[in-house]
Amino acid sequence: MAYLIAYDGSADSRHAIEFAAKHLSAERTVIVTVWEPLLVQLARHGAAAAALVPSEEPEEPQIQAEAHAKEGAELAIASGLSDVTYRAVADKSSIWQAIVDLADEIDASLVVTGSRGLSGVRSVLLGSVSNHVLHHARRPTLIVPPAQETR
């Protein structure tokens, strides 16, 4: 069994890793970043996506996702988790589905996400990734709220 922690580079996903390291016992941990292939972006967003992404090389989103996933793994180790690996997974239908599918694949004992990610506007329109993971994962799910600002 393993923990699966979703990481997209946002402050909330960083906080989710730090929270998990502080509160969970040591278990194998997999950090996952989900990336959207250009064809998925075009199918989902139509011409608007084509206008936004024409200069990107096809492999650029995957390279960026792998860098994010590695960054998340380094943060997990620095926060006290051990036996940490990372994966960048292509979004074939939706980000939440990719997370749920990977949780099943690795038989995760717990899925951890932040409550909001980098795609805040998209989540208002399409529903949040964490909400969908919570309702569709067939395993325990921990949604970590944003860090409280100290005053």
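Above this text sits the structure in question.
Residues numbered from 1 in each chain as written. Predicted model: local features only at pLDDT ≥ 70, side-chain atom pairs only at ≥ 80, totals over all residues. Heavy atoms only, no water.

## Thoughts on the overall build of the chain
Rule in force here: Here a helix means four or more residues in a row that DSSP labels H or I, a strand means two or more in a row labelled E, and each is numbered from the N terminus. The buried label applies to any residue whose accessible area, calculated with a 1.4 Å probe on protein chains only, is under 20% of its type's maximum; exposed applies above 50%, and partly exposed to all values in between. Where accessible areas are quoted, they stem from the Shrake-Rupley method and a 1.4 Å probe; at the residue level, only the protein chains shown are allowed to cover.
When you go through the chain residue by residue, the secondary structure sums to 7 helices and 5 strands. From first element to last, N terminus to C terminus, the chain shows the α and β order β-α-β-α-α-α-β-α-β-α-α-β. Across the 151 residues that make up the chain, the buried fraction comes to 40%. Of the roughly 8,300 Å² of accessible surface on the chain, a fraction of 56% belongs to carbon and sulfur atoms.

## Side note on the nonpolar core
In a soluble, globular protein the nonpolar side chains are often hidden away together inside. The line we're drawing: What makes a nonpolar core is a set of buried Ala, Val, Leu, Ile, Met, Phe, Trp, Tyr and Cys residues whose side-chain atoms join them at distances within 4.5 Å. Between two residues, a contact is recorded if the distance between any of their heavy atoms is within 4.5 Å.
The biggest cluster of nonpolar side chains holds 19 residues, and the ones touching the most others in it are L4, V32, V34, I99, L102, I106 and V133. Secondary structure elements with two or more residues in this core: β1 (2-6), β2 (29-35), α5 (95-105) and β4 (108-114). Per element, the largest residue contribution to this core is 7 residues, and it comes from α5. Those residues in contact with L102 that sit more than four places away from it in its chain are L4, V32, R87 and V89.

## Observations regarding the pattern of salt bridges
Note the cut-off: Salt bridges, as used here, are contacts in which a Lys or Arg side-chain nitrogen is within 4 Å of a carboxyl oxygen on Asp or Glu.
This structure, assessed with the given rule, holds 4 salt bridges. Ionic pairing is found between D107 and R139, a salt bridge with its closest N-O pair at 3.4 Å. Placement of D107 in the loop between α5 and β4 and of R139 in the loop between α7 (129-136) and β5 (141-144) is noted, with a sequence separation of 32 residues between them. Connected via shared salt-bridge partners are D104, D107, R138 and R139.

## Comments concerning helix α1 (residues 11-23)
An α-helix turns once every 3.6 residues. As a result, residues three or four positions apart point the same way. To keep things clear, this is the line we draw: Expected span, for any helix, means 1.5 Å times one less than how many residues it has.
The end-to-end C-alpha distance of α1 is 18 Å, a good match for the 18 Å that 13 residues give at a rise of 1.5 Å each. What α1 keeps buried is the set D12, S13, A16, I17, A20 and A21. Along its buried surface, α1 packs onto β1, β2, α4 (60-78), β4 and β5.

## A short note on the sheet that holds β5
Put simply, the rule reads: Any two strands with at least two DSSP-identified bridges between them are counted as paired. As a rule, the C-alpha atoms of each element are fitted with a line to give its axis, helices using only the stretch in contact, and angles between N-to-C directions run from 0 to 180 degrees.
Taking strand neighbours across the sheet as the criterion, the 5 strands line up as β3-β2-β1-β4-β5 in an open arrangement whose pairing is parallel. Edge strands, defined here as strands with exactly one partner in the open sheet, are β3 (84-90) and β5. Adjacent strand axes in the sheet meet at a mean angle of 25°, parallel and antiparallel pairs treated alike. Relative to β5, β4 runs parallel, the two sharing 4 bridges.

## Re the environment of L81
Of note, L81 is situated in the loop between α4 and β3. Each C-alpha atom, one on L81 and one on K22, is 8.5 Å from the other, the two residues being 59 residues apart in sequence. If sequence neighbours within four positions are ignored, L81 has contacts with I5, A20, A21, T29 and A76.

In short, shape yes, function no, at least from these values alone.
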